[in-house]
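Read off the chains here:
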Amino acid sequence: MSIAHRRAQLSRMEEARRLTQRQLDMIDRQITRRMTALIPQLQPRRTAYRCGKPPDPGAFLERYRSNLAAITTERQAEIDALSRKLARQDRAIAEYRKRFDVQPDRAA
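Quick look at the structure, then. (Residues numbered from 1 in each chain as written. Predicted model: local features only at pLDDT ≥ 70, side-chain atom pairs only at ≥ 80, totals over all residues. Heavy atoms only, no water.)

## Quick word on the overall build of the protein
Here is step 1 of the chain: Across its full length, the protein holds 3 helices and 0 strands.
Here is step 2 of the chain: A total of 108 residues make up the protein; the buried ones form 21% of that total.
Here is step 3 of the chain: Within the protein, contacts between residues separated by at least 24 positions form 79% of all contacts whose residues are at least 6 apart in sequence. (Helix = DSSP H or I, 4+ residues; strand = E, 2+ residues; numbered from the N terminus. Buried < 20%, exposed > 50% of the residue type's maximum accessible area, 1.4 Å probe, protein only. Contact = heavy atoms within 4.5 Å.)

See below:
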């Protein structure tokens, strides 16, 4: 196997890893977007304050965390699968570099 072929193989492996990382990042952005859209609904109702009771600052955080946990739980299987795939890809790239002593092509 030539050096050029090994570098090309390493480049393909690294590109596949970048795609997996992008998928994980996209899920994270989707969760963040959904939570941002939910924030107005999590704000305390103003009626309680009119009755002489100040709003509870901890209640907002509690509602925020519970909604975040629920949204994350919906996607947890996908997040776990992609995380495992990413770890396998990292190990494969490291093993490939170690086995063939190939460094990534810096010209690309």
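That shown, we press on.
## Remarks on helix α1 (residues 3–42)
Here is step 1 of the chain: Relative to the 58 Å expected for 40 residues at 1.5 Å per residue, α1 spans 57 Å between its end C-alpha atoms, a close match to the ideal helical length.
Here is step 2 of the chain: Summarising the contacts, the buried residues of α1 are in contact with α3 (57–100). (Expected span 1.5 Å × (residues − 1).)

## Examining the side chain of R6
Here is step 1 of the chain: The topology assignment puts R6 in helix α1.
Here is step 2 of the chain: Buried charged residue R6 carries no salt bridge. Nearest counter-charge: D101, at 8.2 Å. (Lys, Arg positive; Asp, Glu negative; His and termini not counted. Salt bridge = Lys/Arg side-chain N within 4 Å of Asp/Glu carboxyl O.)

## Some remarks on the packing of aromatic side chains
Here is step 1 of the chain: For the coordinates displayed, the defined rule picks out 2 aromatic pairs.
Here is step 2 of the chain: Relative to F100, the ring of Y96 lies with its centre 4.8 Å away and its plane at 55 degrees, an arrangement referred to as tilted. Of the two residues, Y96 and F100 both sit in helix α3, 4 residues apart, roughly one turn of that helix. Each member of the pair, Y96 as well as F100, carries the same accessibility label: buried. (Phe/Tyr/Trp six-rings, centres within 6.5 Å; stacked < 30°, edge-to-face > 60°.)

## With respect to the environment of I39
Here is step 1 of the chain: Position of I39 relative to the elements: it lies in helix α1.
Here is step 2 of the chain: Ignoring anything within four residues of it in the chain, the contact list for I39 reads F60 and Y64.

## What to know about α3
Here is step 1 of the chain: At R75, α3 is bent by approximately 55 degrees, the largest bend along its length.
Here is step 2 of the chain: Every buried residue of α3 is listed here: A59, I71, R75, I79, L82, L86, Q89, I93, Y96 and F100.
Here is step 3 of the chain: The inward-facing, buried residues of α3 abut α1.
Here is step 4 of the chain: D101, located one to two residues past α3, shows a positive phi value of around 50 degrees. (Bend = angle between axes of the 7 residues up to and from the residue.)

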